[in-house]
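# Structural characterization, general
Letter by letter, the chains look like this.
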Amino acid sequence: MPTRILLEGRPGTGKTTVVRRLAALLRTRRAVGFTTEEIRHGGTRSGFALETLEGGLRAVFAHVDFPGPPRVGRYGVDLGVLERLALSPLRSAASDPAPGDLVLIDELGRMELACDAFRDTVGVLFDSDIDVVATVHAHSDPFTDALKRRPDIALVQVTRSHRDSLPGELAARLEGP
């Protein structure tokens, strides 16, 4: 049975850091997916960039200066970035998983879930025969709440007190003995 892990935590607890460190620690697995990163100007968050794990393709995904739609809080979201950079590798991983492949998604948040094609692809991933690790916010959302209730999901809380040890623990679990 495939491994399915949701890393849940409040903003700022280190979910993205855990995913990035996990990807760097993997020696026997190929990671497919993406991470997000805050964009800051003058100490203030102004947006988010998306970066693929394979190839390091990077683009601004959401920004206060983007008009939207959609808008999530004060950010306009460019769903085309998600569709251009992330969807093709995720769809390939879901439809034809290669031995040893692992999907890492940072994150299943309001901005990403505003994209219907992304939501559909994530649903297919969680029903496919591939290991998935994804980050989710602690707040309630119908899509992520349904994932959290699945019996095949391991829900792992990310806190500042153990975010540094968590990537190594996850790598050991995913790569086996």
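Our subject is the structure listed above.
Every chain's residues receive numbers from 1 upward, in the order its sequence appears when written. Residues qualify for local features only when their pLDDT is at least 70, as the model is predicted, and side-chain atom pairs are given and counted only at 80 or more; totals for whole chains, interfaces and linings, by contrast, use all residues. Think of the side-chain values as coming from all heavy atoms in the structure, minus any hydrogens and water.

## Things to note about the pairing of strand S8 (residues 131–137)
Type-normalised accessible area, obtained with a 1.4 Å probe on protein chains alone, sets the label of each residue: buried when under 20%, exposed when over 50%, and partly exposed for intermediate values. Only DSSP runs of H or I with at least four residues qualify as helices, and only runs of E with at least two residues qualify as strands; both kinds are numbered from the N terminus onward. Burial analysis of S8 places seven of its seven residues in the buried class, the great majority of the element. On S8, burial covers both faces: Asp 131, Val 133, Thr 135 and His 137 on one face and Val 132, Ala 134 and Val 136 on the other are all buried. By definition, two strands form a pair when at least two bridges between them are found by DSSP. Note that strand S7 (residues 101–105) and S8 share four bridges and pair parallel. Bridged to Val 103 within S8 is Val 132.

## A look at the packing of helix H1 (residues 15–25) against helix H6 (residues 166–175)
Axis lines are fitted through C-alpha atoms, for helices just across the contact stretch, and the angle between N-to-C directions can take any value from 0 to 180 degrees. With their axes 9 Å apart at the nearest point, H1 and H6 run at an angle of 45° to one another. Taken together, the axes of H1 and H6 are oblique relative to one another. Relative to H6, the crossing made by H1 is right-handed. Contact with H1, carried on its side by Val 18, Arg 21, Leu 22 and Leu 25, involves Leu 166, Pro 167, Gly 168, Leu 170, Ala 171, Leu 174 and Glu 175 of H6 and no other residues of that element. Its residues placed into classes, the contact of H1 with H6 shows eight nonpolar, one polar and two charged. An angle below 35 degrees is read as roughly parallel, one above 145 as roughly antiparallel, one from 65 to 115 as roughly perpendicular, and any other as oblique. Each crossing gets its handedness from the near helix: less than a right angle anticlockwise from the far helix is left-handed, clockwise is right-handed. Note on definitions: a residue-residue contact is assigned when non-hydrogen atoms from the two residues lie within 4.5 Å. Asp, Glu, Lys and Arg are counted as charged, while Ala, Val, Leu, Ile, Met, Phe, Trp, Tyr, Cys and Pro are counted as nonpolar; the rest, among them Gly, fall into the polar class.

## Describing helix H4 (residues 116–127)
Working rule for helices: expected span equals 1.5 Å times residues minus one. Between its terminal C-alpha atoms H4 stretches 17 Å, which fits the 16 Å expected from 12 residues at 1.5 Å a residue. Listed as buried for H4 are Phe 118, Thr 121, Val 122, Leu 125 and Phe 126. Each buried residue of H4 lies within a common arc of 135° when the element is viewed along its axis, so the set occupies one face. Away from its buried face by more than 90 degrees, H4 exposes Asp 120 and Asp 127. Our arc is simply the arc of the directions from the helix axis toward the C-beta atoms.

## Digging into unusual backbone geometry
Backbone phi values are negative for most residues with the exception of glycine, while trans is the configuration of most peptide bonds. The residue after Gly 68, namely Pro 69, is reached through a cis peptide bond having omega -5°. Omega for the peptide link from Pro 69 to Pro 70 comes to -5°, which places this bond in the cis form. Within the secondary structure layout, Pro 70 lies in the loop between strand S4 (58–63) and strand S5 (71–72).

## Some remarks on helix H2 (residues 79–95)
The terminal C-alpha atoms of H2 lie 22 Å apart, and with 17 residues this matches the ideal 24 Å at 1.5 Å per residue to within 8%. One axis fitted to the seven residues ending at a residue, another fitted to the seven starting there: the angle between these axes is the bend at that residue. Residue Ala 86 marks the point of greatest curvature in H2, where the axis turns by about 45°; the proline Pro 89 follows within four residues. Within the span of H2, buried status applies to Leu 79, Gly 80, Val 81, Leu 82, Leu 85, Ala 86, Leu 87, Leu 90, Ala 93 and Ala 94. Any N or O atom pair separated by 3.5 Å or less is treated as a polar contact, with the protein-specific requirement of one donor-capable and one acceptor-capable atom, and with residues adjacent in sequence counted only for side-chain atom pairs. Its side-chain oxygen 3.0 Å from the backbone nitrogen of Gly 80, Asp 78 forms the N-cap of H2.

## What to know about the packing of aromatic side chains
Side-chain rings of Phe, Tyr and Trp (the six-membered ring for Trp) are treated as a pair once their centres are within 6.5 Å; stacked means planes under 30 degrees apart, edge-to-face means over 60, and tilted covers the remaining angles. In the structure shown here, the tally under the stated rule is two aromatic pairs. Judged by centre distance (5.3 Å) and plane angle (70°), the ring pair of Phe 48 and Tyr 75 falls under edge-to-face. In this pair, Phe 48 is assigned in strand S3 (residues 44–52) and Tyr 75 in strand S6 (residues 75–77), connecting sequence segments 27 residues apart. Take Phe 48 and Tyr 75: they sit in the same class, and that class is buried.

The values are spatial; any link to function lies outside them.
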